[in-house]
Structure formats: structure tokens, C-alpha cells
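Below are the chains, spelled out letter by letter.
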Amino acid sequence: MRHMTDRYAVVGNPIAHSKSPQIHAEFARQTGQDMVYERLLAPLDGFAKTIESFRSQGGKGVNITVPFKEEAFQYASNKTARAVAAGAVNTLKFDEHGMLGDNTDGAGLVRDLTSNLKQALAGKRILLMGAGGAARGVIGPLLAEHPTALLLANRTLDKAQLLADIFGQGMQASGYKTLAGQHFDLVINATSASLQGELPPLPVDLFLPGALAYDMMYGNETPFMAWARQHGAAHVADGLGMLVEQAAESFYLWRGVRPATASVIRMFRSA
Ligand code: NDP
């Protein structure tokens, strides 16, 4: 029988900007896995068709990015517990049992914070800004690290309150005005404000000594990162490590091999 190289892809709209093909190509090279990983642009009303067609051509799995993570959640035939908690799927694995949906964003963030940035989260006060898909995906894994407090701040308070009600475990919801007088060891920007060159309205004395400011966006220095440097954050990081770590977690689900990530993060940072 003719040998077929296993095929994977990232599906989104838009998709041209995605770094996932380079990341997975590097993982495959490093671990000697025989696979290819491509970009798939799905029409906004054509997610399911795009996936079906890729699967029928021998696709083994996909990553899912904006705006299809909730649709992928509906579409998966089985889901991991962390995907159910997140209410969104960023990884699908196709096999004889159907389509397993997983969410590796939260594990990716926690691994970047704890392994790469060496930040223990137990006993820490964490502020998570934003209540969209990215925030929702990381709440469960952050709570599992046992912080003293996890406060979710969002422009639209109702959305933060809804997530606090869903996750419980003492998590609080807040708007930005009521952050005055509160201080944190870790402040994570999971809003899309950076994409528009904006900054959530934050009080100036937000950071405790030794605090880390983390922006999920990556690439250039964001307004939040620049603001944090000026207002007492001891460490500032962007979301490149999270991107590579969530990819590594997907790769592990598909291939059963855990790639080394530090060299890949360094490679992308210097590119
Ligand atoms: P969503 O569109 O689902 O959510 C956007 C959130 O940002 C909402 O809570 C919204 O508030 C808030 N927001 C938008 N603009 C502003 C503003 N000007 N001021 C304050 N709040 C604002 O986006 P996602 O959750 O999918 O993604 C968020 C970010 O995370 C993106 O930048 C994305 O690139 C990044 N990301 C990075 C990953 C990585 O691996 N590094 C993985 C996943 C996401 P409201 O509810 O009031 O509208």
C-alpha cells in the first residue's frame, strides 16, 4: 500500500497571518514525524464543509482559530473536559471514533507562565481582563493552579459575571472602575484591545512588587505592555509563548510526542 503523509491544518477566516504552519513544521522536523500542516481559509458560512472536505481527503486533525472556535465546539462528536469547561474547541482530532474536540489554549498559557516564565501561580492574586473566547478558555486551567484570587474584569460587566457564575470557585467579576485600590501579582490581557491599539482603563497602582504583566497578543509591543513597564510591572511578556505551547499541546494530542518548545519560541522571537 502506498504510504500517505499525515495531513493537518489550521482553519480560520482570515488565516494568512497564522504562524501555526511554521510552528508545527518545526515540531515535526524536531521529532521526526511524517506530517504536513497547511492553512485552510473557511468561508464564514462554510466551516463544517471545509472540515468535511479536509477529512475526506485524509486529514487527521485541525486547529481552529477566529471566528470558528464555538462552531467547532458544536461540531465535535466528543469533547475533552477542558474543552467543555472552555465552551470552545481549538483542536480537532479525527479518528475511527469520530471527531474529538479539545481546547489547548489554557494549558498553553499555564505552561508558558509556569515553565517558561517561571511564575508559580499558587497563592497569587491574578487579574484576567476580557470575557471573550480567549479568557473563557484559560479560566479553568488558571483556577487549577490555586491562586488566592482570580478577578475577571470586562468592559461589559454582564459577560464577566456570567463566566464567574459558570466557573464559581470564588472567582469574582468586575468592571474597570472598581479595580481602583486592588493590587495583583499577575495581570493578563485577554481582551482584543491591543488589536485596535487600545488599552483597557486601568488604575495606575495595579501591580504588586514582582508582578508580571502578560498580553495574549504577540508580535509588537502592545499599549498594555508599554503601560505596564511605565507603571511598575517587574516583568512583561507577550503571548508568543502561549501560542507555541498551545500548539505543542495539540501536537501531543495528535502525535503522542511532546515537542521541545523553548527553541521554537526563541526562533520566532528572533525572526
Ligand atoms: P473576543 O472577540 O472573543 O473577546 C474580546 C474581548 O476584548 C471582550 O471581552 C471585549 O470586551 C474586550 N475588548 C475589546 N476591545 C476592548 C477595549 N478597547 N477595551 C477593553 N476591552 C475590550 O476575542 P478573543 O477572546 O478570541 O481574543 C482576545 C485576544 O487574545 C486577541 O488579541 C487574540 O489575538 C488573543 N489570543 C491569543 C492566543 C495566543 O495563543 N497567544 C490564543 C487566543 C487568543 P466586551 O465584552 O465588553 O466587548
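On a predicted model such as this, the values are computed, not experimentally measured, just so you know. (Residues numbered from 1 in each chain as written. Predicted model: local features only at pLDDT ≥ 70, side-chain atom pairs only at ≥ 80, totals over all residues. Heavy atoms only, no water.)

Draft legend 1. Geometry of the site of the ligand. Every one of the 22 residues lining the ligand counts as a neighbour, but Ala134, Asn154, Thr156, Lys159 and Glu198 are closest to it. A distance of 2.6 Å is found between an oxygen atom of the ligand and a side-chain nitrogen or oxygen belonging to Lys159. One of the side-chain nitrogen or oxygen atoms of Glu198 is found 2.6 Å away from a nitrogen atom of the ligand. For the ligand, whose unbound accessible area comes to 940 Å², protein coverage reaches 81%. Taken together, the residues of the shell around the ligand break down into nine nonpolar, nine polar and four charged. (Near = heavy atom within 4 Å. Polar contact = N/O pair within 3.5 Å; in protein donor to acceptor, adjacent residues only side chain to side chain. Areas by Shrake-Rupley, 256 points an atom, 1.4 Å probe, with all protein chains shown as cover. Nonpolar A, V, L, I, M, F, W, Y, C, P; charged D, E, K, R; others polar.)

Draft legend 2. Representation of the sheet that holds strand β8 (residues 149-153) in the model. Within the open sheet, the six strands sit side by side as β9-β8-β7-β10-β11-β12. Their pairing is parallel. Lying at the two open borders of the sheet, with one neighbouring strand each, are β9 (172-174) and β12 (235-237). Neighbour-to-neighbour, the strand axes of the sheet open up by a mean angle of 20°, direction not taken into account. The strands that helix α6 (residues 133-143) touches are β7 (125-129), β8 and β10 (184-189); relative to β7, the one it contacts most, it runs at about 170°. Contacting β8 and β9, helix α7 (residues 157-167) runs over the sheet at an angle of about 175° to β9. (Pairing = 2+ DSSP bridges. Helix = DSSP H or I, 4+ residues; strand = E, 2+ residues; numbered from the N terminus. Axes fitted to C-alpha atoms, helices over the stretch in contact; angles between N-to-C directions. Contact = heavy atoms within 4.5 Å.)

Draft legend 3. Up close: the sheet that holds strand β1 (residues 6-12). If you trace the six strands from one edge of the open sheet to the other, you get β2-β1-β3-β5-β6-β4, paired in mixed fashion. The strands lining the two open edges of the sheet, one partner per strand, are β2 (35-41) and β4 (78-79). Where strand β5 (residues 91-95) lies against strand β6 (residues 98-102), five bridges are found, and the strand directions are antiparallel. Opposite Lys93, over in β6, you have Leu100 as the bridge partner. The strands touched by helix α1 (residues 20-31) are β1, β2 and β3 (59-64); relative to β2, the strand with the most contacts, the crossing angle is about 175°. Sheet strands in contact with helix α2 (residues 47-56) are β1, β2, β3, β5 and β6, and its direction is about 150° off that of β3.

Draft legend 4. Quick look at the environment of Met242. Among the secondary structure elements, Met242 is positioned in helix α9 (residues 240-255). On a C-alpha basis, the gap between Met242 and Asp112 in space is 5.5 Å, while along the polypeptide they are 130 residues apart. Every residue in contact with Met242, bar those within four places of it in the chain, is listed here: Asp105, Gly108, Leu109, Asp112, Val138, Tyr214 and Met216.

Draft legend 5. Local environment of α1. Compared with an ideal rise of 1.5 Å per residue, which puts 12 residues at 16 Å, α1 spans 16 Å between its outermost C-alpha atoms and is within 8% of the ideal. Buried-residue contacts for α1 involve β1, β2, β3, α9 and α10 (262-270). Phi turns positive one or two residues past the end of α1, at Gly32, with a value near 70°. (Expected span 1.5 Å × (residues − 1).)

Draft legend 6. Highlighting the environment of Arg269. Mapped onto the elements of the fold, Arg269 is located in helix α10. The exposure class of Arg269 is partly exposed, given its relative accessible area of 48%. Taking the C-alpha atoms as reference points, Arg269 and Tyr218, 51 residues apart in sequence, are found 9.7 Å from one another. Excluding its chain neighbours within four sequence positions, the residues that come into contact with Arg269 are Asp238, Leu240 and Gly241. (Buried < 20%, exposed > 50% of the residue type's maximum accessible area, 1.4 Å probe, protein only.)

Draft legend 7. Representation of the pattern of salt bridges within the structure. Using the criterion set out here, one finds nine salt bridges in the structure. Between Arg255 and Asp6 there is a salt bridge, with the nearest N and O atoms lying 2.8 Å from each other. Here Arg255, found in helix α9, pairs with Asp6, found in strand β1; they are 249 residues apart in sequence, far enough to count as distant. Residue classification places Arg255 among the buried residues on the basis of a relative accessible area of 18%. A salt bridge links Arg269 to Asp238; its shortest N-O distance comes to 3.3 Å. With Arg269 in helix α10 and Asp238 in the loop between β12 and α9, this pair connects stretches of sequence that are 31 residues apart. Among the residues examined, Asp238 registers a relative accessible area of 8% and is labelled buried. Within the structure, one salt-bridge network assembled from shared partners comprises Arg82, Asp102, Glu249 and Arg258. (Salt bridge = Lys/Arg side-chain N within 4 Å of Asp/Glu carboxyl O.)

Any functional reading would require information beyond the geometric quantities listed.
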